[in-house]
Amino acid sequence: MNQHPPISKLKKSLFAIISISIRFVGAFTVPFDFQSRTTPHRQRYTSEQLTAKTICTFDDDDFAGTQGDWPYTAADLNRLDNSDDYVFYDTPRFVTHIDDSAISSLTRFYQQEFTSLNKESLDVLDLCSSWISHLPKDGITYGNVVGVGMNEQELASNEQLTNFYVQDLNKDPLLPQFEDNSFDVICNVVSVDYLTKPLEIFQEMHRILRPGGVSLMSFSNRCFPSKAIAMWLQADDIGRLTIVGSYYHYSAKWTSIEALDLKDMLPTPKRPSAGEIMKNPSLGLAWMNAAAAVAKNNQGDPMFAVKGEHHITTMANTTVVGESAAAHPPKKARTDDVVLPSVDKALNAALAAAMKANPPAPKEVRRVDYTPLPFKVTKVSLDFNIFERRTVVSSVLTVEKNDLATANDSNITNDDEDGLVLNGEEGGVALLALSVDGVDTLTPDDDYILKPGKLIIKAETLHRGASNLDGKMIVRTTVEIVPEDNTQLSGLYNDGTMYCTQCEAEGFRRITYYPDRPDNMATFERVRIEADGNKCPVLLSNGNLVEKGSCDDGREYAIWHDPFPKPSYLFALVAGDLGSIEDTFTTMSGRSVLLRFFSEHKNVGKLNYALESLKRAMQWDEETFGLEYDLDLFNVVAVESFNMGAMENKSLNVFNTSCVLTDPVTSSDAEYFRVEGIIGHEYFHNWTGNRVTCRDWFQLTLKEGLTVYRDQLFSGQVNNCASVTRIQNVLVVRGSQFQEDDGPMSHPIRPDSYIAMDNFYTSTVYRKGAEVIRMYDTILGTDGFRKGMDLYFKRHDGCAVTCDDFLAAMADANGVDLSQFARWYSTSGTPVVTYSSAFDQDSGLYQLTLSQSSRSEDPLFIPVAVGLIDKATGEEVVPTTVLQLKETSQTFEFSNLKGEVVASILRNFSAPVKIVSASGNVDEGDLAFLASCDTDGFNRWDSAQKLYEAAILKVINNVAHDDCLDRVIDTFRQTLKDEKISDDSIRAYALMLPSESTVAKAVDCIDPPAIHNARKHVKSTIARCVKDDLLRAYNDLTAAIDADGTTFNVDGLSVGRRRLRNVYLAYLCSICETGEEQREAADLATKHFNSATGMTDKLAAFNILASMSGEGESARDAAIEKFYNDANGDPLVINKWFSVQADASLPDVLDRVVNLASSHPDFTLKNPNRCRALVLTFAMNAAAFHAEDGRGYKFLGDMLDKLDKVNPIVAARTAASSLIGWKKYNEKRASLMKAQLERLKSMPNVSNDLLEIVTKGLK
Ligand SMILES: [Zn+2]
């Protein structure tokens, strides 16, 4: 009989609709065909009675969605009576909900199934159990028979149960009381229709069912309508079978799902023929009786079941973790009894052990090898369960084939990597479970490959599951990490006060397996964080907060959703007991944004300035670039232990406390400005970095150079101090960046290769990168630059792009050809521009010849800003003009000049180059002239610096320097008294001598003690000559400041006064040769120290006092003690205390530093700020560090040896800024420095970070 279409064809269309919305089910009444079950391989229960019949089996393609795509809404699962089920089931009912014939069908079905499991003893779980379980009594041996039900009395009287739990599954769908793989059979009789959280329950069933076990969900057509879920009431029998089938399908990977009719439909006896009845009437009567009996039997309650089979897990040493166990670890379970496989049985445990025993050689990553990912993750859902010393991270990744990865441009040499490549550090991330499209029976090497740092899921494995699902695959992982052991502070770590992440550049792979590269932009749809509510009441991640609440046992959870696709390096999580302040900002389109700043409770009072800075930054970016913030919430968290200054994670910026906390008593003016600049920087990244990000890490300068430039503009404009800001920025470029260019780490702003990306967060990428962006602005002008920015966002918003894309946007928006300018991205080293000039008095023609040399084969495009000043009048006769130097050598002509001029070249430092006279000699007269007359604030300062440097160099080289010193003193005195200088900060900078490291760059072989002494000599010589003027100026300023009262301000005027007064103080105290002078200096500095109204003055005086010797010793020791006591444990102040001592100019400074490092209770290598304060500061104290006996080097080697094991990133950075510059020193120093590098290189288990630096350093 087959008058209807076969079920297999029909059900497809039907179930597809059902899975979209079950509400349509009622519209279909689908007749179905009974088919005999064909399971010949099974030992079957033999009975003469008819047995259960297969209606159909469900396949994956019967459903529209895939596992994990739960299709049902709250409305589908709603009930008429939503009152507490305990009330409903409070009184025992002791009723059966189906008739006897249905019960006997069920029991017979059980007998068949149980027998075919072919086990000596069965452990059974009866869900929604009551006083009777209908289990067959004969021929089956039971182990544990456990009931979970609503009524204690009923359960207690169920004779078949060995154990029971009273539990409302609708309230509490998890079954943490059962370990994984606890049962052979899970059954449920006529209750599936009442489950309102079927997903969780079915997931749990899959978890606790043993491989090879079965789940049998049976039901009839009766129910309590008020308690059944809405879609059940609207469905017919087939619809109900489908609902239950879909529960299996969407919850976990069941090996088979089968719908069964259990009812023994007895066939109607064959009617005797009329002839036979005529012959034998009793035959007719017998037939009538038999037929009536069959009819009666067949009329009773129908009985159906949907069976789920859970077949063998073949993964060696792995227990499959049920989805729910991972997503919501058992509420009652704690660290020790969370049901997860142990870490030593993790899938990647063997690899982790092998890597530890035998670390692979570090591999260089090259820019030219970039290939798009063959598969990318488009959606992510993450679950963090934070326990003490154990955090379980589950991820659900939606994976798609990457359209960008065409067969053509894919030059993958390794066949293994044509699948989904997930990065993960096996040493820190223990992989506990893995499934692809619900298949957890994956075999290593066949289905996936574990390699150092990588988990590769083969393309075949992915394609297997993707047959009918728009090419989307679901990959799930569960890993365990220990943030408490993470001293590298990369990934998720706990510093004793809170849990915090740092993912840039490659920290996310220390959290979970993921395509941890910036070109994989995915939507982080759901990030759930759960932790102990007492320790971590604040749970933060990116985007918007969706839900927040309490679990049992004092645990809290929060769920976050970030609508903007982002790479993994922008992910952030913070969990801790934090205080906060908040405010709102209304954007230019009128949206209100909530701004919240978090810190440890004790620091909450120090967050206000940063919050105000953020509001200024938001407004500035709207006004300057038209860029508006895009979410309703912006969070900032201050963290004590942090490798970087701050991190721009989408809407959850994390800051090193030193870059966000301010307080007049503990913060200097410089720190206030730094906080404002860094707050701006991280905020600006929301567009330049987050909305448009880097395709690969070689493009880091795309986001960093641009954002540094933006924060420099912001700081200068918002404080109306562009020249001062420019001087400060150039000091850094000429200091650390030029030094980098001179050493073995020299690289272009877009490097070509790296071993550890963390080593390329360099001054070159950031600072020179910002200079390159500034050159676009200089060349194109403010409007042209803005046009380019607008086009850049228009083209690339939401994308991961390259430096070439930025250049193209700038060129296209302005219709100019910038191809020559592109060479800046690939040229390392500092270009040199030489100048020479000629003036023809008769024609009034001035010719300026500029020539360039650099490591670029072809000439660079260098914008050189020039102004001309009349030598006789000091008037500017040609205002700033940008000359475009594009050839190796070019001559620029200025005509109609009335008299001789002095050129002010490279105004405002218009390009990151060294500018030198073609003759090789600096004209000290011209320098002195510009130092007093130049209209360009920057060049005026710069000319004075060059003049001072010339004097110091002459002292070092022991050549006649009296004339030069006279000129220096004249210039100094003139600057001191110049009434045209209205900004005290400008005057202060103009009076400061170049630093020792600046002078060091001007010599071929650095002799640090000689530089130190020469500079000191020039300083004290100046001071002695103008002492009276200095003292008068110092006292005038003191009086002016005192007159202002005690209110502490950080405005330009107040800051300038303090800066200038501290410069005077330093000059005055540099006169300290005789005992009397020492006493005088100590008294002045001590008075300054004790009367300081803020940290700026106090620190300036402390710096001077810390270097005092002779008669000043007691003042020094008193200051060291007082500064420490006044700090009152404030870590940022204690850092300054360490740093000032490490920087002191004293003969025994190394002994002091060694003492502090080895025995001061406040010193620790674990805190990067503290470590930098003492160790790095000492390494920067050139005269002491480079003492010729090599003890300074040995001390640093000792510290790096220890530090590398704690925090390789900080160790590598410290080495990069000290030992690797050995070539610039004499042979003795060089060989001692090299010896320490060799020692570090040969350390067992040296980190990749440090190894890369020392290896390059030795070349
Ligand atoms: Zn940045």
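Residue indices begin from 1 for each chain and proceed along its sequence in written order. Since the coordinates come from a predicted model, pLDDT governs what is reported: local features require at least 70, and pairs of side-chain atoms require 80 or more to be given and counted, while whole-chain, interface and lining totals use all residues. By convention in this description, side-chain values take in all heavy atoms of the structure and omit both hydrogens and water.

- The name recorded for the protein chain in an unreviewed UniProt entry is Aminopeptidase N, from Discostella pseudostelligera.
- Check the Sequence similarities (unreviewed entry) section of the UniProt entry for the protein chain; it says "Belongs to the peptidase M1 family."
- UniProt positions are given in the numbering used here, feature names are shortened, and annotations may be inferred rather than shown by experiment. One UniProt comment on the protein chain, placed under Cofactor (unreviewed entry), says "Zn(2+)".

## Considerations on a negative patch on the surface
- Taken together, D962, D963, D966 and D970 make up a surface patch of like negative charges.
- Think of it this way: any DSSP run of H or I at least four residues long counts as a helix, any run of E at least two long counts as a strand, and we number them from the N terminus. Tracing the backbone shows D963 in helix 21 (residues 962-977). Two distance rules govern patches: like charges are joined within 9 Å, and nonpolar side chains (Val, Leu, Ile, Met, Phe, Trp, Tyr) within 5 Å, applied only to residues with over 30% relative accessible area and no salt bridge. Here the Shrake-Rupley method, with its probe set to 1.4 Å, supplies the accessible areas, and only the displayed protein chains count as covering residues. For this document, the term salt bridge refers to a Lys or Arg side-chain nitrogen within 4 Å of an Asp or Glu carboxyl oxygen. We score Asp and Glu as negative and Lys and Arg as positive, and we do not count His or the chain ends. Where a charge sits is defined by one atom per residue type, namely NZ (Lys), CZ (Arg), CG (Asp) or CD (Glu).

## Observations regarding the coordination of the zinc ion
- Coordination of the zinc ion by the protein is provided by H681 (NE2), H685 (NE2), E704 (OE) and E704 (OE), with metal-donor distances spanning 2.0 to 2.6 Å.
- Considering all four donor atoms around the zinc ion, angles at the metal cover 55 to 152° and the coordination shape is irregular.
- Sodium, potassium and calcium take a 3.2 Å donor cutoff, other metals 2.8 Å, and in both cases only N, O and S atoms count; water is not among them, so sites may look incomplete. Read in sequence order, the donor residues coordinating the zinc ion give the pattern H-x3-H-x18-E. Of this pair, H685 sits in the loop between helix 14 (669-684) and strand 29 (693-694) while E704 sits in helix 15 (residues 700-718), and the two are 19 residues apart along the sequence.
- Judged by its relative accessible area of 0%, H685 is buried. Irregular is the label for any site that misses the other tests, which are tetrahedral for four donors with all angles between 85 and 135 degrees, and square planar for four donors or octahedral for six when opposite donors exceed 155 degrees and the remaining angles lie between 65 and 115. Think of it in three bands: with a 1.4 Å probe and only protein chains considered, a residue is buried below 20% of the maximum accessible area for its type, exposed above 50%, and partly exposed in between.

## Quick notes on the pattern of salt bridges
- Per the stated rule, a full pass over the model turns up 70 salt bridges.
- With a closest N to O distance of 2.7 Å, R726 and E771 form a salt bridge. Here R726, found in helix 16 (residues 722-742), pairs with E771, found in helix 17 (residues 763-796); they are 45 residues apart in sequence, far enough to count as distant. The pair R726 / E771 is uniform in exposure class, with both members buried.
- Measuring nitrogen to oxygen at the nearest pair gives 3.6 Å for the salt bridge that ties R1229 to D1007. Pair noted here: R1229 is in helix 36 (residues 1227-1241) and D1007 is in the loop between helix 23 (996-1000) and helix 24 (1008-1025), with a separation of 222 residues, a long-range link.

## Considering helix 29 (residues 1113-1127)
- Take the residue count of a helix, subtract one, and multiply by 1.5 Å to get its expected span. Taking 1.5 Å of rise per residue, 15 residues should cover 21 Å, and helix 29 covers 21 Å from first to last C-alpha, within 8% of that figure.
- At the C-terminal side of helix 29, N1128 shows a positive phi close to 55°.

## Side note on the sheet that holds strand 33 (residues 845-853)
- Strands are treated as partners if at least two bridges between them are detected by DSSP. Across the sheet, which stays open at both edges, the four strands sit in the order 36-33-32-38 with mixed pairing between neighbours. Two strands lie at the open edges of the sheet, namely strand 36 (889-894) and strand 38 (914-917), each paired on one side alone. With strand direction ignored, the average angle separating the axes of adjacent strands in the sheet is 25°.
- Across six bridges, strand 33 lies against strand 36 in antiparallel orientation. Paired with S851 across the bridge in strand 36 is S889. Axis definition: a line fitted to C-alpha atoms, limited for helices to the stretch in contact. Angles are taken between N-to-C directions and run from 0 to 180 degrees.

## Comments concerning the packing of aromatic side chains
- By convention, a stacked pair of Phe, Tyr or Trp rings (six-membered ring in the case of Trp) has centres within 6.5 Å and planes under 30 degrees apart, an edge-to-face pair has planes over 60 apart, and any other such pair is tilted. Counting across every chain of the model gives 58 aromatic pairs.
- Taking 5.2 Å as the distance between ring centres and 85° as the angle between the ring planes, the aromatic pair formed by Y629 and F634 counts as edge-to-face. No difference in accessibility class separates Y629 from F634, as the two residues are buried.
- Consider the rings of F1178 and F1195, whose centres lie 5.6 Å apart with planes at 85°: the pair is edge-to-face. One end of the pair, F1178, is in helix 32 (residues 1168-1180); the other, F1195, is in helix 34 (residues 1191-1206), and 17 residues separate them in sequence.

## Some words on the UniProt feature "domain: Methyltransferase type" (unreviewed entry) in the protein chain
- In the numbering adopted here, UniProt assigns the feature "domain: Methyltransferase type" (unreviewed entry) to residues 143-215.
- Between the C-alpha atoms that bound residues 143-215 there is a distance of 17 Å. The span itself is 22% helix and 34% strand.

## Quick word on unusual backbone geometry
- Cis peptide bonds are those with omega within 30 degrees of zero, and the linkage from E504 to A505 qualifies with 0°.
- Assignment of secondary structure puts A505 in the loop between strand 18 (498-502) and strand 19 (523-532).
- We note that N1128 has phi near 55°; this positive angle belongs to a residue other than glycine.
- Tracing the chain through its elements places N1128 in the loop between helix 29 and helix 30 (1131-1142).
- For N1128, a relative accessible area of 71% gives the class exposed.

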